[in-house]
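What the coordinates show
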Amino acid sequence: MRNNREHDTRSFGRRAVLKGMAGVAALPLLGSVASAQASQNEATDLANLVKEGKLPPLAERVGPEPLIVQPLEGGGTYGGELRFGLRGSSDHNNILRMVGPQGLVRWNPTYTEIVPNVAKSYDVDETGRVFTFHLRKGMRWSDGHPFGVDDILFNIEDIVLNNEFAPTQPRYIMGGEPMKVEKVDDLTVRFSFKESYGDFLAELASPLGQHPVLYAKHYCSQFHPKYSGNIQQLIKENGASDWQTLFLQKCGDIEIPSRWANPERPTLDAWVVREPYVGAATRVVLVRNPYFWQVDPDGKQLPYIDSVSGAISQDVESLVLSAIGGRIDFGLRHLDPPANRPVLAANREKGDYRFFAATPPGGVDTIFNLNLTHKNPELRELFNKKDFRIALSLGLNRREIIDTVLLGEGEPWQHGPFENHPYFHKRISTQYLDFDPDKANGLLDGIGLDKRGADGMRLLPTGKPLKFKIDVIPTFNPEWVDILQLVEQQWAKIGVDVDINPLERTFFFERTSGSNDHDAAVWTAIQSWVPGQIPQHIVPLHQDSRWGIAWRDWYVSGGSKGEEPPESVKERIKLYDQARGVVDPERRKELIKKIADIAADEFEVFGLAKAQSTYGIVKNKMKNVPEEISNTWYCAAPSQALPQTWFWGA
């Protein structure tokens, strides 16, 4: 099958006009691109640089086959700054969400279809094993250096598949073997797998699938021992411990702060770093990429907006104050808890902004993960008893928490896609939701926790008090601390003593996802189990699978690290690998639901309430921003809504 569409034009009513524009049909555009200076098809500052001989003409910068992007409302005007808010020193993914991952393919604005992006088009063979990507002629990195297949070979062969750098990620493995990459010609690259891989395009469309085009070979190869003759000197000069650390310092990775810390690193993004995201920074500034390879249907180079900047606040309260004070032009992440909505709504006129809807595909905003691979044998044994987990779920008065903390908005829910979703699984989403402290007490007594101390709290079989910590990031979601305070009170009534353990984001991830030192943790579980989304709460596959991090380590390392999981988990891993491979969507759905059946039987994690449709704010004069955005990490919301097409109107 072949795909050379730009995006799902059902959303914009222009299918007849745009069909095929990402490929050969783009040729009629070239006249307008070539006469860019006369028709103001580029920003004034870039046009001036062209006149001064400091920058090549637009046609040379975007090449003869730019990606034509249809704005939501229409073509825009150049200029201005887009301000958003960052929370602390570890909010790097919020920068990624605003700038957007520019992978070979991406999701369309409605998160319903995968479309070409960096690739002009792609072919998939009948077996679903071989993927051929056709690149855009004349495309360039942000420093003007040509982009091509050799960059992809560097990214795959020297980084992604190089186990000396890091273990190969499962998304690039199928049938137990890593993918193979082949240069067909300077504009054509072929990926092949041992077995069919139906999920591969969706994996590439997710923000975590950007690796094939993340690093510019001409720049990043100088930090790789295969290409650098003075690598040891560079390691010493930069205070790195090894070449891998040096490489990450200089070129970053998808989900680490250093991705935004080096203004010299070439990129394919719409905006490039000018003021970096480093230690003592008070803001991050990114300015337009003069070589950005996307244009609107009139041939105007994107982005319309000159720069994006993120002021760094240390807490959500400061972000809210910035919004109502008019200092945030677009905000979603961190601003959207229900508790913030009344004050934001009351200050819309003062802040000169409007609301847009942010809708999740399923799941919960709060999920509880007990560490089933705990290093403490006594807690590990307890946490692995299903009746203990059921008792904790039955000991939650979800309605009280919803009414008290969530302002009455929400419905008790364990986790999983919503009822109207094709992957809905009733049992995994609705079992053990009733508040039943009597039954909870009976279950706890039945597993040997029938003795209590003088304070009424239960004792472990050894006589030690039963007590554990729940790790949380207060600045990520301030409601979590309020929720956990009620949970602490509710579980105390069934004799279970817990402490709330607030942590800064970096420490939280190191303690939970890195070193597996946590007792329990709360996190979000926005999920729908569709291709490209990691079902980390039914299979331990990801850093957010905090219920089985040692099993996650075993899976991602191919068994060389971590801990071999029990048969129930291994069976789900096997089914998941099968589901990733199948081409038939109905067969994939069957396999995922088998996984959910097993996960429902095991009941390893439990949630609080349905993820709520929330909101974001955008300045009234900002154009081309949709009234509703699908709010999920797997399309890096709001980037699928094409911020490069947003502009300041009258």
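See above for the structure.
The structure reproduced in this document is the subject of the present report. (Residues numbered from 1 in each chain as written. Predicted model: local features only at pLDDT ≥ 70, side-chain atom pairs only at ≥ 80, totals over all residues. Heavy atoms only, no water.)

With that settled, consider the environment of Gly80. Within the fold, Gly80 resides in the loop between β2 (67-68) and β3 (81-87). Along the chain, Gly80 and Trp648 lie 568 residues apart, while their C-alpha atoms are 7.0 Å from each other. Look past the residues within four positions of Gly80 in its chain and what remains in contact with it is Ile305, Asp306, Ser307 and Trp648. (Helix = DSSP H or I, 4+ residues; strand = E, 2+ residues; numbered from the N terminus. Contact = heavy atoms within 4.5 Å.)

Counted according to the given criterion, the structure contains seven cavities of 30 Å³ or more. Space inside the largest cavity adds up to approximately 940 Å³. In this structure, the largest cavity is lined by 50 residues; those nearest its centre are Arg97, Arg333, Phe476, Thr524 and Ile526. Residue assignment for the lining of the largest cavity shows that the elements contributing at least two residues are β3, α6 (92-99), β16 (330-331), β18 (363-370), α20 (479-492), α21 (505-514) and β21 (520-526). Grouping the constituent residues of the lining of the largest cavity by class yields 25 nonpolar, 16 polar and nine charged. Of the pockets and cavities examined, the second largest cavity occupies roughly 130 Å³. Lining the second largest cavity are 13 residues, with Gly100, Pro101, Arg106, Ser639 and Gln640 sitting closest to its centre. When the residues that make up the lining of the second largest cavity are grouped by side-chain class, the tally is seven nonpolar, five polar and one charged. (1 Å grid on protein atoms, 1.4 Å probe; cavity = no way out; pocket = protein on both sides within 12 Å on 5 of 7 lines; lining within 4 Å. Points joined across faces, edges and corners; volume = space filled by probe spheres on them. Nonpolar A, V, L, I, M, F, W, Y, C, P; charged D, E, K, R; others polar.)

All right, on to the environment of Val50 then. You can see Val50 is positioned in helix α4 (residues 44-51). Between the alpha carbons of Val50 and Glu177 there is a distance of 49 Å; along the sequence they are 127 residues apart.

This part takes up the layout of surface pockets. When its volume is computed, the largest pocket comes out at roughly 1,600 Å³. Taken together, 43 residues make up the lining of the largest pocket; nearest its centre are Gln169, Asp253, Glu255, Gln543 and Arg552. Elements that contribute at least two residues to the lining of the largest pocket include exactly α6, α7 (149-160), α11 (243-251), α21, α22 (549-556) and α23 (567-581). For the lining of the largest pocket, the element with the highest residue contribution is α21, accounting for six residues.

For the structure on display, the rule yields one disulfide. Through a disulfide, Cys220 is tied to Cys251; the S-S separation comes to 2.2 Å. Note on the Cys220 and Cys251 pair: the S-S dihedral is about -120 degrees, so by sign convention the disulfide is left-handed. On the criterion of sequence distance, the pair formed by Cys220 in helix α9 (residues 217-220) and Cys251 in helix α11 is long-range, its members being 31 residues apart. Overall, the relative accessible area of 1% leaves Cys251 in the buried class. (Disulfide = S-S within 2.5 Å. Buried < 20%, exposed > 50% of the residue type's maximum accessible area, 1.4 Å probe, protein only.)

Our focus in this paragraph is the sheet that holds strand β17 (residues 353-359). Taken in spatial order, the four strands of this open sheet run β16-β23-β17-β25, and their pairing is mixed. Two strands lie at the open edges of the sheet, namely β16 and β25 (628-630), each paired on one side alone. (Pairing = 2+ DSSP bridges.)

Bringing helix α19 (residues 437-446) into the picture now. Listed in full, the buried residues belonging to α19 are Ala440, Asn441, Leu443 and Leu444. The buried side chains of α19 occupy one side of the element, clustering within an arc of 165 degrees when seen end-on. In α19, the exposed positions angled more than 90 degrees off the buried face are occupied by Asp438 and Gly446. Lining the buried residues of α19 we find α16 (386-394). Positive backbone phi, at 90 degrees, marks Gly448, one or two positions downstream of α19. (Arc of directions from axis to C-beta.)

For the rest of this paragraph, the subject is the nonpolar core. Counting 171 residues, the largest nonpolar core has Phe133, Phe191, Phe388, Phe468 and Trp491 as its most contacted members. Once you skip the residues sitting within four places of it in the chain, Phe191 turns out to touch Leu104, Arg129, Val130, Phe131, Phe133, Ile152, Ile156, Met179, Lys180, Val181, Phe200 and Pro212. Judged by nonpolar contacts, the second largest core, of 12 residues, contains Leu319, Val320, Phe355 and Tyr615. (Core = buried A, V, L, I, M, F, W, Y, C linked by side-chain atoms within 4.5 Å.)

Let's shift gears to α21. Listing the buried residues of α21 in full gives Arg505, Phe508, Phe509, Thr512 and Ser513. The buried residues of α21 all sit within an arc of 95 degrees when viewed along its axis, so they share a single face. Buried residues along α21 sit in contact with β3, α6, β19 (467-472), β21 and α22. One side-chain oxygen of the residue at the start of α21 lies 2.8 Å from the amide nitrogen of Thr506, identifying that residue as Glu504. (Polar contact = N/O pair within 3.5 Å; in protein donor to acceptor, adjacent residues only side chain to side chain.)

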